[in-house]
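If you want the building blocks of each chain, they are given just below.
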Amino acid sequence: IFTIIFLLSEDSNYDTNLLDQILSTFQFLINSETGFPTPTSIPKTTYTDSEYGYKITYPVTWRFRRTYGSDISKEALFNDILSGIDLHKDTTANVGVNVLDAHEETDIEAWITQYDLNYPRNAQKKVTSHQGRKSIMYTYEDNQHTPTTSNQTLYFLSDNNAYRIFSWEYDQISEETKSIVDSFTP
């Protein structure tokens, strides 16, 4: 139930047609099942990497940046990064993708411990699946910053590449951020 209240003094002169005109400009989109307003959807776009073919879909309100690839100088700590992107929502959330050399490894856990020396060791580890591929998800809170950030790093192998998809967001990872990660297709 939504209530709009206009307070008018008894001695004010107002035009009822003007009040009706103001009210007619309001648009209420109510979900018939819940009775609450239906959120307006934000248009999305899909990035497809021309060299490695991976895709990721994200809201157009997020900023996109290539971080590694054939057209970017590779100054990464790890020379294994073949391609990468970052997506930013203002300063409150981030999703990043790194495509790395799998070194012919067939087990993602073995690849992580052998080739990613900075994996989040003290994080909560969960064996999971990403689009049918065995994956490892690390989840942890970073209390060194204010506000606290929630962090997740998803690893999996596909087509001789290792994938590291990391995300962070203030307080907790939102459904919007999770949907970006879930949309990633190698």
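Notes on the structure follow. (Residues numbered from 1 in each chain as written. Predicted model: local features only at pLDDT ≥ 70, side-chain atom pairs only at ≥ 80, totals over all residues. Heavy atoms only, no water.)

This part covers unusual backbone geometry. Even without glycine at this site, Glu104 takes up a positive phi of about 60°. Within the secondary structure, Glu104 is located in the loop between β5 (93–101) and α2 (108–115). Exposure remark for Glu104: the relative accessible area of 77% places this residue in the exposed category. Here Asn160, not a glycine, exhibits a phi torsion of approximately 65°, which is positive. Mapping Asn160 onto the fold places it in the loop between β8 (149–158) and β9 (161–170). The class for Asn160 is exposed, based on a relative accessible area of 66%. (Helix = DSSP H or I, 4+ residues; strand = E, 2+ residues; numbered from the N terminus. Buried < 20%, exposed > 50% of the residue type's maximum accessible area, 1.4 Å probe, protein only.)

The next point concerns the nonpolar core. Burial of nonpolar side chains together is a common tendency in soluble globular proteins. Counting residues in each nonpolar core, the largest one holds 20 residues, and the members touching the most others are Ile56, Val95, Ile165 and Phe184. Put simply, the parts of the chain that give this core at least two residues each are β2 (55–59), β4 (81–89), β5, β8, β9 and α3 (175–183). The leading source of residues in this core is β5, at four residues. The contact partners of Phe184, leaving out residues within four places of it in the chain, are Tyr54, Lys55, Ile56, Val97, His130, Gln131, Phe156, Tyr163 and Ile165. Judged by nonpolar contacts, the second largest core, of 13 residues, contains Ile81, Ile108, Trp111 and Tyr155. (Core = buried A, V, L, I, M, F, W, Y, C linked by side-chain atoms within 4.5 Å. Contact = heavy atoms within 4.5 Å.)

What follows covers the sheet that holds β8. Read across the sheet, seven strands follow the order β3-β4-β5-β9-β8-β7-β6 without closing on themselves; strand pairing throughout is antiparallel. Looking at strand neighbours, the two that pair on one side only are β3 (63–68) and β6 (124–130), the edges of this open sheet. Neighbour to neighbour, the strand axes of the sheet diverge by 20° on average, direction disregarded. Two strands pair when backbone bridges link them, and β8 and β9 are joined in this way by ten bridges, in the antiparallel orientation. Its bridge partner being in β9, Thr149 is matched across the sheet by Tyr170. (Pairing = 2+ DSSP bridges. Axes fitted to C-alpha atoms, helices over the stretch in contact; angles between N-to-C directions.)

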